[in-house]
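Observations on chain architecture
Below are the chains, spelled out letter by letter.
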Amino acid sequence: MTAAIENYQARMRRVLDYIDRQTEEELSLDVLSGVAAFSKFHFHRQFVATFGLSVHRYVHLARMKRASFRLAYHEAQSVTDIALDAGYDSPDAFARAFRQRFGQSPSSFRKSPDWEPWLAAFGPLDAARSKLMQKTFTADDVTIRDVVATPVAIMEHRGAPSSIGETIKRFIAWRKATGLTPKTSPTFNIFHCDPHTTPDTEYRMDLCVGTDRLLGEEDRPMKAGLIPAGRCAVLRVIGHTDNLEAAALYLYQTWLPASGEETRDFPIYCQRLSFFPDVPESEAVAELFLPLK
């Protein structure tokens, strides 16, 4: 029975991965039921029973998430191109759907995103994915590396985790202005505290780009910093890397006590190797580093 359930769930996960990779293509019930190898006459009810929302709504939310990321962070892409790529026949139809979902027009969201309604809108998508997409890790997934020191430019985020999107937007704008793109300069996040146990006003996270470039007054609020050399436990996470809490919890709660290792005085951090929406969410890659003595 367990093997049958695992096989069933794997087929459903295959559908979600397919939707992530094909958000701009036709995603009919016939196509998706074929991906899962289920009868097209029953697939919709199976999907709703498994994920708690319809196929149509899931596809709509997945497309809207990708479109909203492109609006916020890819300013060179036109609203028209983003609308067509999201499956809409015209920018007007896209704008109506976007405003209904987020309470802002696409142009307004691009200029000044209101992140709280955005987060609330994707609650059903996150809840659906959590039913079958929870990552599990083993000790074999963790490697220990000797990391070299990396000078970085840091943009500090201070405040509620829900407002991190605005800090990311400023960080990306600075990188573009200086030519320090992800293709040429590594990207890191340093996590100073746990969002679940830290008041919003005290939450701290650093967005970093690897560079030894001298920073001047024109670079404010960027500041110079260093990710120090030393041993680290490294856990690679593939897919849906916007939330690394499960990976961090595994390192602290399971791997560290069993390893006999001790942590050193530097926060846990990650290096982001590929990014959504440049790649589908299921193909985004991040490595989480736990500094060790």
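Check the entry above for the structure.
Residues numbered from 1 in each chain as written. Predicted model: local features only at pLDDT ≥ 70, side-chain atom pairs only at ≥ 80, totals over all residues. Heavy atoms only, no water.

As a further point, take the packing of aromatic side chains. Tallying each qualifying case throughout the model produces 21 aromatic pairs. Consider the rings of Phe98 and Phe109, whose centres lie 5.3 Å apart with planes at 70 degrees: the pair is edge-to-face. With Phe98 in helix H6 (residues 91-102) and Phe109 in helix H7 (residues 106-111), this pair connects stretches of sequence that are 11 residues apart. Assigned by exposure class, Phe98 and Phe109 land together as buried. Among the aromatic side chains, those forming a connected cluster through ring pairs are Phe69, Tyr73, Tyr88, Phe94, Phe98, Phe102, Phe109, Trp115, Trp118, Phe122 and Phe276. (Phe/Tyr/Trp six-rings, centres within 6.5 Å; stacked < 30°, edge-to-face > 60°. Helix = DSSP H or I, 4+ residues; strand = E, 2+ residues; numbered from the N terminus. Buried < 20%, exposed > 50% of the residue type's maximum accessible area, 1.4 Å probe, protein only.)

A separate point is the packing of helix H4 (residues 55-73) against H6. Between two packed helices, what matters for the description is the angle formed by their axes and the separation of those axes. At a minimum axis distance of 11 Å, the contact between H4 and H6 shows a crossing angle of 95 degrees. As far as their axial angle goes, H6 and H4 are roughly perpendicular. Each of Arg57, His60, Leu61, Met64, Ala67, Ser68 and Leu71 in H4 lies in contact with H6, whose residues at this interface are Phe94, Ala97, Phe98, Arg101 and Phe102. The residue inventory of the contact of H4 with H6, partitioned by class, reads eight nonpolar, two polar and two charged. (Axes fitted to C-alpha atoms, helices over the stretch in contact; angles between N-to-C directions. Parallel < 35°, antiparallel > 145°, perpendicular 65-115°, else oblique. Contact = heavy atoms within 4.5 Å. Nonpolar A, V, L, I, M, F, W, Y, C, P; charged D, E, K, R; others polar.)

The next point concerns the side chain of Thr167. Mapping Thr167 onto the fold places it in helix H10 (residues 164-178). Residue classification places Thr167 among the buried residues on the basis of a relative accessible area of 4%. At a separation of 2.7 Å, a polar atom in the side chain of Thr167 contacts the side chain of His157. In contact with Thr167, other than residues within four places in its own chain, are Met155, Glu156, His157 and Leu207. (Polar contact = N/O pair within 3.5 Å; in protein donor to acceptor, adjacent residues only side chain to side chain.)

Attention shifts here to the nonpolar core. Most often, soluble globular proteins have nonpolar side chains that are buried together. Ranked by internal contacts, the top residues of the largest apolar core, which has 41 residues, are Phe43 and Phe94. At the level of elements, helix H1 (2-21), helix H2 (29-36), helix H3 (43-51), H4, helix H5 (79-85), H6, helix H8 (115-121) and helix H9 (123-132) are the ones that each hand at least two residues to this core. Residue contributions to this core peak at 11 residues, all from H4. Discounting residues that sit within four places of it in the chain, Phe43 has contacts with Met12, Val15, Leu29, Leu32, Ser33, Ala36, Phe38 and Val55. Counting 30 residues, the second-largest nonpolar core is a separate cluster that includes Phe171, Leu180, Phe191 and Tyr203. (Core = buried A, V, L, I, M, F, W, Y, C linked by side-chain atoms within 4.5 Å.)

If you walk across this open sheet you meet the eight strands as S1-S6-S8-S7-S3-S4-S2-S5, and the pairing is antiparallel. The open sheet has two free edges, formed respectively by strand S1 (142-147) and strand S5 (223-227), since each of these has just one partner strand. Within the sheet, the average angular offset between the axes of one strand and its neighbour, ignoring direction, is 35 degrees. Across the sheet, H10 lies against strand S2 (150-158), strand S3 (187-191) and strand S4 (204-210), angled at about 20 degrees from S4, the strand it touches most. (Pairing = 2+ DSSP bridges.)

On to unusual backbone geometry, then. For the bond from Arg220 to Pro221, the omega torsion is 10 degrees, close enough to zero to count as cis. Within the secondary structure, Pro221 is located in the loop between S4 and S5. Following Phe276, the chain continues to Pro277 via a peptide bond in cis, the omega torsion being 10 degrees. With respect to the element layout, Pro277 can be found in the loop between strand S7 (269-274) and strand S8 (285-291). At Ala37, a residue that is not glycine, the phi angle is positive and equals roughly 60 degrees. Residue placement: Ala37 occurs in the loop between H2 and H3. Of note, the phi angle at His240 is positive, near 55 degrees, even though the residue is not glycine. Assignment of secondary structure puts His240 in the loop between strand S6 (230-238) and helix H11 (245-259). Exposure remark for His240: the relative accessible area of 14% places this residue in the buried category.

The next subject is the pattern of salt bridges. In the structure shown here, the tally under the stated rule is 14 salt bridges. When the shortest N-O distance is used, the salt bridge between Arg129 and Glu281 registers 2.9 Å. Of the two residues, Arg129 sits in helix H9 while Glu281 sits in the loop between S7 and S8, which places them 152 residues apart along the sequence. Taken as a pair, Arg129 and Glu281 share a single burial class, namely buried. Residue Asp206 is joined to Arg158 by a salt bridge in which the shortest nitrogen-to-oxygen separation is 3.3 Å. Of the two residues, Asp206 is situated in strand S4 and Arg158 in strand S2; the sequence distance between them amounts to 48 residues. With relative accessibility at 34%, the residue Arg158 sits in the partly exposed group. Through salt bridges with shared partners, one network takes in Asp20, Lys65, Arg129, Asp242 and Glu281. (Salt bridge = Lys/Arg side-chain N within 4 Å of Asp/Glu carboxyl O.)

With that settled, consider H1. With 20 residues, H1 ought to run about 28 Å at 1.5 Å a step, and its terminal C-alpha atoms sit 29 Å apart, in line with that. All buried positions along H1 are accounted for by Arg11, Met12, Val15, Leu16, Ile19 and Asp20. (Expected span 1.5 Å × (residues − 1).)

By themselves, these are just geometric observations and shouldn't be taken as functional.
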